[in-house]
Amino acid sequence: MTDSYIPYGRQNISPADIQAVVEVLQSDWLTQGPAIERFEKAVADYCGAKYAVAVSSATAALHISCLAAGLGPGDWLWTSPNTFVASANCGLYCGASVDFVDIDPHTYNLSVAQLEQKLSRAERLGTLPKVVVPVHFAGQSCEMDRIGELAQKYGFTVLEDASHAIGAKYQGQPVGSCQYSNLAIFSFHPVKIITTGEGGIVVTNRQDLYEKLTRLRTHGITRDPRFMTGSSHGLWYYQQLELGFNYRMTDIQAALGVSQMQRLDEFVSRRRFLARRYDELLQGLPVTLPAQHSDTASSWHLYVVRLNQDKIEKTHREVFEALRGAEIGVNLHYIPVHTQPYYQKLGFQWGDFPEVERYYQEAISLPLYYDFLESRQQYVKQTLAKILQKTNL
Ligand SMILES: *Cc1c(COP(=O)(O)O)cnc(C)c1O
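Report follows, based on the coordinates. Just so you know, the residues in each chain are numbered from 1, in the order the chain's sequence is written. For a predicted model such as this one, the threshold for reporting local features is a pLDDT of at least 70, and the threshold for listing and counting side-chain atom pairs is 80 or more; totals across whole chains, interfaces and linings nevertheless cover every residue. To obtain the side-chain values, all non-hydrogen atoms of the structure were included, while hydrogens and water were left out.

Considerations on the overall build of the protein chain
Using the following cut-off: Only DSSP runs of H or I with at least four residues qualify as helices, and only runs of E with at least two residues qualify as strands; both kinds are numbered from the N terminus onward. It is over C-alpha atoms that the radius of gyration is taken, and the globule rule equals 2.2 Å times the number of residues to the power 0.38. Residue exposure (1.4 Å probe, protein chains only): buried if accessible area is under 20% of the type maximum, exposed if over 50%, otherwise partly exposed. Any two residues whose heavy atoms approach within 4.5 Å at even a single point are treated as in contact. Areas reported here follow the Shrake-Rupley algorithm with a probe of radius 1.4 Å; residue values treat only the protein chains shown as occluding. Under the counting rule used here, the positive set is Lys and Arg, the negative set is Asp and Glu, and His together with the chain ends is not counted. Charge positions are represented by NZ for Lys, CZ for Arg, CG for Asp and CD for Glu.
A tally of regular secondary structure across the protein chain gives 13 helices and 15 strands. A globule of 393 residues ought to have a C-alpha radius of gyration of about 21 Å, and the protein chain, at 22 Å, matches this closely. If you line up the protein chain on its principal axes, its C-alpha atoms span 80 × 60 × 40 Å. Residue burial in the protein chain is summarised as follows: out of 393 residues, 56% are buried. In the protein chain, once contacts between residues fewer than 6 apart in sequence are set aside, the share between residues at least 24 apart is 73%. In the form shown here, the protein chain has an accessible surface area of approximately 17,200 Å², with 50% of it arising from carbon and sulfur atoms. Side-chain charges in the protein chain split into 36 positive and 40 negative, and the spacing between the mean points of these groups amounts to 1 Å.

See the structure below:
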């Protein structure tokens, strides 16, 4: 079974996906054409959200979402430290300050209890956040009803980083419905649930945010006379109303996205099946399996185990390296963002968020993707069991 490397995640591209891309290449529109609109409609309809704005990456989606929410210098953005750096960087792009809320020790999502405490402290200090970014880690939704209540009470914008979670559900509704939030974003990087090569999207139910996002995606320009100051000079006329970017997605990418959306449920059900199978295979090993909140149905972007170190003679690093040595492409999600040198220069220190730091010393993401064969999964289990054995000669 060690004849080839097992990655932790990878895309699945079908003949229909390839055909969809070829059709765009043979058409009149390579960008800003009809495939973008079809993709936006497919994602908005799937999520039950009113609007979707496709962009070049989830990082771009986070950036313009923060700007649309009015985030700027003097404001605070809070997120989870157990995420990719982009969830925090978007605040810094806007000139705002960033802070973190430590994680729940079971779901590894931002802890709502910690959030609540931190908000009441911030209210006294006058440092309440303008934007909070809950990250649906591994594809499992955060406790959005409680976060929504806190948003009402303290008046912040909720921007869901759902990069891992397209196809997931919360209280029976699709993640991205924005029932308890103002905006949600998805990533279409190849390791995520569906892919457009590179790409991201923002979904929202608010027309004002939607209009702002479409302008920010393309240089802050509008061609709609309703938004112009003064009257139009003619058919060629456009106005730049604010400082935007070129964050457009191409029609080539969007066509791939439309085609991939048709298989989203199939992708997620395969991932759910493999996750349940891991749950069974790994029973009895000295690892903590991923806990699921009863309100959630994860899309299973990641399957993370935590080593029970008091029952293992090897270090976390030794286990990780032994798995890599057996051609198993395990990974670690995530290095706590506040421990990155860039964030340490901003004043954060090891020890600031103990729960995520403890998690970081124990977590390993096992391979999980659509094409992952059950025989390969068996090999991962056997290899892990052998590595974790107490008396290993
Ligand atoms: C992948 C990812 C991003 C960034 O996505 P890109 O599309 O690569 O910009 C942001 N947040 C989280 C949680 C991610 O996993």
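Re the sheet that holds strand β12 (residues 287-288)
The strands that make up a sheet are held in pairs by hydrogen bonds between backbone atoms, and each pair lies either parallel or antiparallel. To keep things clear, this is the line we draw: Whether two strands pair depends on DSSP finding at least two bridges between them. Angles shown run from 0 to 180 degrees and are taken between the N-to-C directions of axes, each axis being a line fitted to C-alpha atoms and, for helices, limited to the stretch in contact.
One open sheet holds the three strands; their spatial order is β12-β14-β15, and the pairing between them is antiparallel. Of all the strands in the sheet, just β12 and β15 (363-366) have a single pairing partner and so form its edges. Each of β14 (303-307) and β15 is contacted by helix α10 (residues 316-325), which is oriented at about 15 degrees to β15, the strand it contacts most.

Looking at the environment of Gly139
Secondary-structure assignment places Gly139 in the loop between β4 (131-133) and α6 (144-154). Judged by its relative accessible area of 0%, Gly139 is buried. For the pair Gly139 and Trp300, spaced 161 residues apart in sequence, the C-alpha separation works out to 5.0 Å. Once residues lying within four places of it in the same chain are set aside, the contact partners of Gly139 are His164, Ala165, Ala168, Ala297, Ser298, Ser299, Trp300 and His301.

Comments concerning the site of the ligand
As a reminder, the rule being used: Being near a molecule or strand, for a residue, means having at least one of its heavy atoms within 4 Å of it. Two N or O atoms count as a polar contact when they lie within 3.5 Å, although within protein this holds only if one can serve as hydrogen donor and the other as acceptor, and sequence-adjacent residues are included solely when both atoms are side-chain atoms.
Near the ligand, the surroundings consist of 15 residues, among which Thr59, Asp161, His164, Ser187 and Lys192 are the closest. The separation between a nitrogen atom of the ligand and a polar side-chain atom of Ser163 is 3.3 Å. Between an oxygen atom of the ligand and a side-chain N or O atom of His164, the distance comes to 2.8 Å. Burial of the ligand by the protein chains amounts to 92% of its free accessible area of 380 Å². Contributions of two or more residues to the shell around the ligand are made by α3 (58-68) and α4 (86-93).

Things to note about the pairing of strand β9 (residues 200-204)
In terms of burial, β9 is a largely internal element, five of the five residues being buried. With five bridges connecting them, strand β1 (residues 51-55) and β9 associate as antiparallel partners. Within β9, the position partnered with Val53 by the bridge is Val202. The pairing of strand β8 (residues 183-187) with β9 spans five bridges and is classified as antiparallel.

Re the sheet that holds strand β5 (residues 157-161)
A sheet is described by the order of its strands in space; here seven strands give the open sequence β1-β9-β8-β5-β4-β2-β3, paired in mixed fashion. On the outer flanks of this sheet lie β1 and β3 (97-100), each paired with one strand and no other. In this sheet, neighbouring strand axes are inclined to one another by 20 degrees on average, regardless of whether the strands run parallel or antiparallel. Set on the sheet, helix α7 (residues 207-217) makes contact with β1, β8 and β9; between it and β1 the angle comes to about 15 degrees.

Notes on the packing of aromatic side chains
For the record, the criterion: The rule is short: rings of Phe, Tyr and Trp, with Trp giving its six-membered ring, pair when the centres are within 6.5 Å, and they are stacked under 30 degrees, edge-to-face over 60, tilted in between. In this scheme, Lys NZ or Arg CZ marks a charge over a ring once it lies within 6 Å of the ring centre and within 35 degrees of the ring normal.
Scanning the entire structure with this criterion turns up 19 aromatic pairs. Each ring, one from Phe245 and one from Tyr247, has its centre 4.9 Å from the other, and the planes form 10 degrees; the classification is stacked. A residue is classified by how much of its surface remains accessible, and Phe245, at 23% relative accessible area, is partly exposed. An aromatic cluster of three or more residues is present, and its members are Phe100, Tyr342, Tyr343, Phe348 and Phe353. The ring of Trp78 carries Lys118 above its face, with NZ or CZ at 5.4 Å from the centroid. The lysine or arginine in question, Arg215, covers the ring of Phe227, its NZ or CZ lying 5.3 Å from the ring centre.

A short note on the side chain of Gln253
With respect to the element layout, Gln253 can be found in helix α8 (residues 251-261). Since its relative accessible area comes to 17%, Gln253 is described here as buried. Of the polar contacts made by the side chain of Gln253, one reaches the backbone nitrogen of Thr250; its length is 2.8 Å. Aside from chain neighbours lying at most four places away, what touches Gln253 is Thr196 and Glu198.

Some remarks on the pattern of salt bridges
Selection rule: When a carboxyl oxygen of Asp or Glu lies within 4 Å of a side-chain nitrogen of Lys or Arg, that pair is called a salt bridge.
Applying the stated criterion across every chain, the model contains 14 salt bridges. Residues joined by salt bridges that share partners form a network here, namely Lys212, Arg215 and Glu242.

Describing the nonpolar core
Where we set the bar: The definition of a nonpolar core used throughout is a set of buried Ala, Val, Leu, Ile, Met, Phe, Trp, Tyr and Cys residues joined through side-chain atoms within 4.5 Å.
Among the nonpolar cores identified, the biggest contains 76 residues, and Tyr303, Ile364 and Leu366 are the most heavily contacted of them. By residue number, the principal contributor to this core is α3, which donates seven residues. The next biggest cluster of nonpolar side chains, apart from the first, holds 32 residues, and it includes Ala35, Ala52, Ala254 and Phe267.

A short note on the pairing of β1
Consecutive residues of a regular strand have side chains that alternate between opposite faces of the sheet. In terms of residue burial, β1 counts as a mostly covered element, since five of its five residues are buried. Where burial is concerned, the two faces of β1 agree: the one with Tyr51, Val53 and Val55 and the one with Ala52 and Ala54 are both buried.

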